[in-house]
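Below, each chain spelled out in residue letters.
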Amino acid sequence: MAVDAGIARRLREARVSRGYESAAEAADAMDLTYGTYACHENGNRGLTARQMSRYAAFFRVNLAWLAEGRPPMQGKAIDTPDILEDRKSTRLNSSHITI
């Protein structure tokens, strides 16, 4: 499955908007390995629904914005239980989002 470059770009934008100057700094704050986070931010590895939700919550951005680029970037998160409950989808890209 192709990794959605838009998600990776928005993940980086979310990190910078929260004041984290580097991927390493953000990974450390989330208690993740640098390699895991960097692969997500660089678009080298897809994201699970759980990872996407965790990043949206940590960076305080809307899940719909992170997944699809739907505005607004920040604000009240849109409730998307269908994304989080879909255990059959091991990776998440914008085609998996139904909001």
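Asker: Requested: an account of the environment of Y55, with residues and values cited.
Answerer: Positionally, Y55 belongs in helix α4 (residues 49-59). Taking the C-alpha atoms as reference points, Y55 and L11, separated by 44 residues in sequence, lie 7.7 Å from one another. The contacts of Y55, once residues within four sequence positions are left out, are L11, M30, L32, Y37, H40, L47 and L66.

Asker: Now, about the environment of P72: what can you tell me, with residues and values included?
Answerer: Inspection of the secondary structure assignment puts P72 in the loop between α5 (63-68) and α6 (81-85). Sequence-wise, P72 and N62 are 10 residues apart; in three dimensions their C-alpha atoms are separated by 7.1 Å. Filtering out sequence-adjacent residues up to four positions away, P72 remains in contact with N62 and W65.

Asker: If you had to explain the confidence of the model for the chain to someone new, which residues and values would you point to?
Answerer: For the chain, per-residue confidence averages 80 on the pLDDT scale, and 73% of positions sit at 70 or higher. Across the chain, helix α2 (residues 23-29) holds the top mean pLDDT of 97, while α6 sits lowest at 45. Scored below 50 in pLDDT, residues 77-99 shows 44 contacts in the model against residues more than four places distant or in partner chains.

Cut-offs applied
- Residues numbered from 1 in each chain as written.
- Predicted model: local features only at pLDDT ≥ 70, side-chain atom pairs only at ≥ 80, totals over all residues.
- Heavy atoms only, no water.
- Helix = DSSP H or I, 4+ residues; strand = E, 2+ residues; numbered from the N terminus.
- Contact = heavy atoms within 4.5 Å.
- pLDDT = per-residue confidence, 0-100.

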